[in-house]
Amino acid sequence: MYWPAFALFACVVLLLLAGFPVAFTLGGTALLFALGGALAGVFDISFLGTMPNRLFGIMSNETLVAVPLFVFMGITLERARIAEDLLDALSRMFGGLRGGLGIAVIIVGMLLAASTGIVGATVITMGLLALPTMLKRGYDPAVATGVISASGTLGQIIPPSIVLVLLGDVLSSAYQEAQLAQGIFAPRTVSVGDLFMGALVPGLMLVALYAAWMLAVALFRPAAVPARRGADADAGTVSLLRFVGAFLPPLVLIAAVLGSIIFGVATPTEAAGVGAVGAMLLAALRGKLSLARIRDIGRATARVSSMVFLILIGASVFSLVFRGYGGDEIVREFLMSLPGGVFGAVLLVMLVMFLLGFVLDFIEITFVVVPIVGPVLLSMGLDPVWLGVMIAINLQTSFLTPPFGFALFYLRGVAPPEVPTTAIYRGVAPFIAIQLAALALLALWPEIATWLPGALYGG
């Protein structure tokens, strides 16, 4: 009686594609299947008796407290218009070079990723600030939209990333489950901090590859990325004081958050608290923090956080019913029987996640797919940090993939009407290739992800 597990998964995907709310689709569909299975005598309704413990575990999970704190930090920095000053300073510094404005966008995207971790906010902010300037200076629309979309998605992989927080929590449970299944009753753990450190080098590698691509465009297609010229060239200077004033505040905040994690001073949750307070101080120093704005930031944080936790609760109900029907055993047997062993299993899982990323958000994939396949892959001996970084880059790639990439939707919403959608699709194509190349490099040399956590924590 394995077919109900397949039917449950297929039904959830179809309802999500139809546009029904994610959290209620996951939980509601699972409960209907559980009730129908119990009436038909093919599902043990006592499985649902563990649900209260699961919900309490979510409520008391200290790691997940980092989610609303990082969201608060990101929204506060967005409202403080940090990106505007950064982009202005960098565009004045690099605008006199061919492709310089594109490189400025990449650097600002990296800094925003490390200080906000929210993809949608970064893409929209960069689209509003940078795209009109790039088009005005004669940049090819495809190049301009491509670099903005790709730079905006760096928030998926560069810590502190909400994706990594959620992945770290899910993979921690999956890693312990895999070890217990192997008879290891004193299991090792993997933390969000491990995943942060594992993602740092691959994230910076992506930034370097993006910048290399912009330099290649400047070399071989100079007309597509012109330098500042005419009267603009005379206005292209920036004082050292203004440059330091734009860069120093976010750099100090990033150093405080990541440094406290790297040196073991604070857990990721405590570091998120540091980041939230630091973001408020930056906003206050810039005169961007009023009582009305604090209320606005609080409401926005509550909306995003409630969405994440509702999806997590719905996904918990789904995974419970899916396992009650033996779905986890089906997945385990299928992946174990694939030709190619571990390589074949990882390749298939990555392909499925990539395709699901066309239509599902990273939160749904993290909460629905990873708990199912994670224990199986980790029981094959894979490093949990490496697997987490591979999944994060894979999900980042799906943000860029036409026609359903979420970053493309965000940018389309703020791009001028004269920029065709086809130009956005053409622009992201090279960056998708870069992402896939980064995945291949990480698969060939797992040390790219595992070296830094091992050097810092000896694991």
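That block above? That's the structure.
Conventions adopted
- Residues numbered from 1 in each chain as written.
- Predicted model: local features only at pLDDT ≥ 70, side-chain atom pairs only at ≥ 80, totals over all residues.
- Heavy atoms only, no water.
- Helix = DSSP H or I, 4+ residues; strand = E, 2+ residues; numbered from the N terminus.
- Rg over C-alpha atoms; globule rule 2.2 N^0.38 Å.
- Buried < 20%, exposed > 50% of the residue type's maximum accessible area, 1.4 Å probe, protein only.
- Contact = heavy atoms within 4.5 Å.
- Salt bridge = Lys/Arg side-chain N within 4 Å of Asp/Glu carboxyl O.

(A) Focus on the overall build of the protein chain. If you tally the helices and strands in the protein chain, you get 22 helices and zero strands. Against the globule reference of 23 Å for 459 residues, the protein chain gives a C-alpha radius of gyration of 23 Å, in line with a compact fold. In terms of overall dimensions, the protein chain has a C-alpha envelope of 80 × 45 × 45 Å along the principal axes. Sorting the 459 residues of the protein chain into buried and exposed places 54% on the buried side. Contacts spanning at least 24 positions in sequence make up 80% of the contacts within the protein chain whose residues lie at least 6 apart.

(B) Summary view of the environment of Phe 362. Assignment of secondary structure puts Phe 362 in helix H18 (residues 362–379). By relative accessible area, Phe 362 is classed as buried at 13%. As for Phe 362 and Val 170, which are separated by 192 residues in sequence, their C-alpha atoms are 13 Å apart. If near-sequence neighbours (up to four positions away) are discounted, Phe 362 is found in contact with Gln 156, Val 163, Leu 166, Leu 395 and Phe 399.

(C) The arrangement of the pattern of salt bridges in detail. Applying the stated criterion to the full structure yields two salt bridges. A salt bridge links Glu 177 to Arg 323; the shortest N-O distance between them is 3.2 Å. Pair noted here: Glu 177 is in helix H10 (residues 162–181) and Arg 323 is in helix H15 (residues 291–324), with a separation of 146 residues, a long-range link. Looking at Glu 177, the relative accessible area reads 30%, which means it is partly exposed.

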